[in-house]
Amino acid sequence: MLAARSALRTYVARIQITRETHYFRRARQASQLRCASSLKEVLAEQIPAKQAELKEIKTKHGSKVLGEVTVDQCIGGGRGVKCMLWETSLLDAAEGIRFRGYTIPECQEILPTFKGPAGDGEPTPEALTWLLLTGEVPTKAQADSLTAELFARSKLPEHVTALMKTLPKTMHPMTQFSLGLQACQTESKFAKAYSDGVHKSQYWDSTYEDVIDVIAKLPEIAAAVYRNTYFDGSITRDHSLDYSANFCRMLGMESPAFDELMRLYLCIHTDHEGGNASAHATHLVGSTLSDPYNSYVAGLNALAGPLHGLANQEVLAWIQDLKAKFDAEGKAVNEETITAFAWDTLNNGQVIPGFGHAVLRKTDPRYTCQREFAFKHLPDDDLFKIVDTIYKVMPGVLTEHGKTKNPYPNVDSHSGVLLWHYGFTQYEYYTVLFGVSRGIGALSQVFWDRALGLPLERPKSLTTGWIKDFCEKQDDEKVAA
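Residues numbered from 1 in each chain as written. Predicted model: local features only at pLDDT ≥ 70, side-chain atom pairs only at ≥ 80, totals over all residues. Heavy atoms only, no water.

Considerations on the side chain of Ser 37
In this structure, Ser 37 sits in the loop between helix H2 (22–30) and helix H3 (39–61). For Ser 37, a relative accessible area of 9% gives the class buried. The contacts of Ser 37, once residues within four sequence positions are left out, are Val 42, Trp 130 and Gln 142. (Helix = DSSP H or I, 4+ residues; strand = E, 2+ residues; numbered from the N terminus. Buried < 20%, exposed > 50% of the residue type's maximum accessible area, 1.4 Å probe, protein only. Contact = heavy atoms within 4.5 Å.)

So, the nonpolar core
Among the nonpolar cores identified, the biggest contains 111 residues, and Phe 177, Phe 247, Phe 424, Tyr 429 and Phe 447 are the most heavily contacted of them. Top element by residues in this core is helix H11 (residues 203–230). It accounts for 14 residues. Setting aside its immediate chain neighbours within four residues, Phe 424 contacts Tyr 226, Leu 251, Met 253, Phe 258, Leu 419, Tyr 429, Tyr 430 and Leu 433. (Core = buried A, V, L, I, M, F, W, Y, C linked by side-chain atoms within 4.5 Å.)

Brief notes about the packing of aromatic side chains
Across all of its chains, the model carries 19 aromatic pairs by this definition. Consider the rings of Phe 258 and Phe 424, whose centres lie 5.8 Å apart with planes at 20°: the pair is stacked. One end of the pair, Phe 258, is in helix H13 (residues 256–268); the other, Phe 424, is in the loop between helix H20 (415–421) and helix H21 (430–451), with 166 residues separating them in the sequence. Each ring, one from Trp 466 and one from Phe 470, has its centre 5.0 Å from the other, and the planes form 10°; the classification is stacked. Separated by four residues within a single helix, Trp 466 and Phe 470 lie in helix H22 (residues 464–480), roughly one turn from each other. Looking at Trp 466, the relative accessible area reads 44%, which means it is partly exposed. Taken together, the ring pairs in this structure connect Tyr 226, Tyr 230, Phe 231, Phe 258, Tyr 422, Phe 424, Tyr 429 and Tyr 430 into an aromatic cluster. Seen from the ring of Phe 190, Arg 450 lies directly overhead, with NZ or CZ sitting 4.4 Å from the centre. (Phe/Tyr/Trp six-rings, centres within 6.5 Å; stacked < 30°, edge-to-face > 60°. Lys NZ or Arg CZ within 6 Å of the ring centre and 35° of its normal.)

A short note on the environment of Leu 398
By secondary structure assignment, the location of Leu 398 is in helix H19 (residues 382–401). The spacing of Leu 398 and Tyr 408 is ten residues in sequence and 8.5 Å in space, taken between C-alpha atoms.

Description of the packing of H3 against H11
Two elements in contact, H3 and H11, have axes separated by 12 Å at closest approach and are oriented at 145°. Note on packing geometry: the crossing formed by H3 with H11 is right-handed. Contact residues: H3 offers Leu 39, Lys 40, Leu 43, Ala 44 and Ile 47, while H11 offers Trp 204, Asp 205, Tyr 208, Glu 209 and Ile 212. Of the residues that constitute the contact of H3 with H11, the class distribution is seven nonpolar, no polar and three charged. (Axes fitted to C-alpha atoms, helices over the stretch in contact; angles between N-to-C directions. Left-handed = near helix turned anticlockwise from the far one by under 90°. Nonpolar A, V, L, I, M, F, W, Y, C, P; charged D, E, K, R; others polar.)

Notes on the pattern of salt bridges
By the definition in use, this model includes 23 salt bridges. With a closest N to O distance of 3.0 Å, Asp 144 and Lys 140 form a salt bridge. Of the two residues, Asp 144 and Lys 140 are both situated in helix H7 (residues 140–152); the distance of four residues between them amounts to about one turn of the helix. For Asp 144, a relative accessible area of 36% translates into the label partly exposed. Taking relative accessible area as the criterion, Lys 140 reaches 23% and is therefore assigned partly exposed. (Salt bridge = Lys/Arg side-chain N within 4 Å of Asp/Glu carboxyl O.)

Here we look at the environment of Thr 464
Along the chain, Thr 464 turns up in helix H22. Judged by relative accessible area, Thr 464 falls into the exposed class, the value being 68%. In this structure the C-alpha to C-alpha distance between Thr 464 and Ala 152, which are 312 residues apart in sequence, comes to 53 Å.

Digging into the pairing of strand S1 (residues 89–92)
What you see with S1 is a clean split: Ser 89 and Leu 91 sit on the buried side and Leu 90 and Asp 92 on the side with no burial. Sheet topology places S1 next to strand S2 (residues 96–99); four bridges connect them, and they run antiparallel. Residue pairing in the sheet places Leu 91 in a bridge with Ile 97 of S2. Counting the residues between successive antiparallel strands, the hairpin from S1 to S2 contains three residues. (Pairing = 2+ DSSP bridges.)

Things to note about a negative patch on the surface
On the surface, a cluster of negative charge is contributed by Asp 469, Glu 472, Asp 475, Asp 476 and Glu 477. Within the secondary structure, Asp 469 sits in helix H22. Residue classification places Asp 469 among the exposed positions, given a relative accessible area of 52%. (Patch = residues over 30% accessible without salt bridge, like charges linked within 9 Å, V, L, I, M, F, W, Y side chains within 5 Å. Areas by Shrake-Rupley, 256 points an atom, 1.4 Å probe, with all protein chains shown as cover. Lys, Arg positive; Asp, Glu negative; His and termini not counted. Charge placed at Lys NZ, Arg CZ, Asp CG, Glu CD.)

A closer look at the side chain of Thr 129
Along the polypeptide, Thr 129 turns up in helix H6 (residues 125–134). Judged by its relative accessible area of 2%, Thr 129 falls in the buried class. Sequence-distant contacts of Thr 129, that is, excluding residues within four places in its chain, are made with Leu 146, Ile 215 and Ile 440.

Re the confidence of the model for the protein
In this model, the protein carries a mean pLDDT of 89, and residues with pLDDT of at least 70 account for 91%. Every residue in residues 1–5 scores below 50 in pLDDT, and together they form zero contacts with partners more than four places removed in sequence or on other chains. In this model, residues 10–20 is a region of pLDDT below 50 whose contacts with residues beyond four sequence positions or in other chains number three contacts. (pLDDT = per-residue confidence, 0-100.)

Below, the structure written as structure tokens:
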């Protein structure tokens, strides 16, 4: 009888656990946070348990196979190869991105905003930074404390400010951004601690200091690029605001609506698991024990590529060219004319920018939340109407065309149109905004790389001759068998 009751209790408990969703389990954990703890104190408490967890996984499961690498994956850039530990986010082909287990809509619901608790605006990047680093939802007080810490660390060294003013206005904004951050490396606390012989068990401490310093300085460097390139170089700050709104003031933007857009933009671009080029480059360079400044410079240079962060400006240019062509020909923007234009583009051997993704096989949730923002704030914008019409017809066209694995829009399909609506028309600069955001995710992982003592990344490479010989030998063995 006792055994039966025990089994029943176990069964009921399992049913109860099953009924709890991932979302509400995490939300309950968030309510248990201690308001007095600083971000660094929370991380210091987490590190020993995380180290023990990773050691246990390696001990119990180190020899288990996670997947097989095909010749296509080897030649095709390692697509889908499960070979990188990335704590801060996970991308599912059907579901999209989750930040520490939370979807974008869930983050919008539970993370603190500038005005107060969740639900009265877009989440702040400070709140998401806390979540990415700790895996815990911060209170409003904790998010505000991080805002204050970032502002206190944001001042650029004088030599960096002087350098930024000497750069030619014709230099691409991303090149200027990268140079500015590289020049800040003189301030690296990790580099100094390593030079002083700090024990590897304490690498995390000075890495944390650098990570928060870099995140704090990125808007300052980015604002210097913008104001020096397009205006007179003067910068106005307002530290009574949050990270995003203060960044907008430094850019010269005063609209509260644009502040909300910047919060959304910075949050959704922070992290997209570790395999994307900017995140991977940051992780790879960081694995050499290069300091976070130099590590993220590598990430910025990867982000500057047309196949990565630079794609957003190309999408906007394509949409504007489409509008100009239609205006010149007296055509209306509707599903019929957009469909014809799409087929003309594809039949001429060109691609439709802003559609498709290396991993996703559905509409990018980052696109969806921007679409919802547009319906709320700028439903009558001409460029948005074009984007909306393209969204309605393009998946069908691309599916019929048959050469696109994912015929749905990605994040780049929308962001440029939103920025343009608010008068932010310097589209060559758009990737710099992406760079401010992506630093939060990539550098959060650099912190955990050091805290967990992850090794130097060094995958095995193969020659085409080795691959050919290996495959032919396998074919011969099958024939012989």
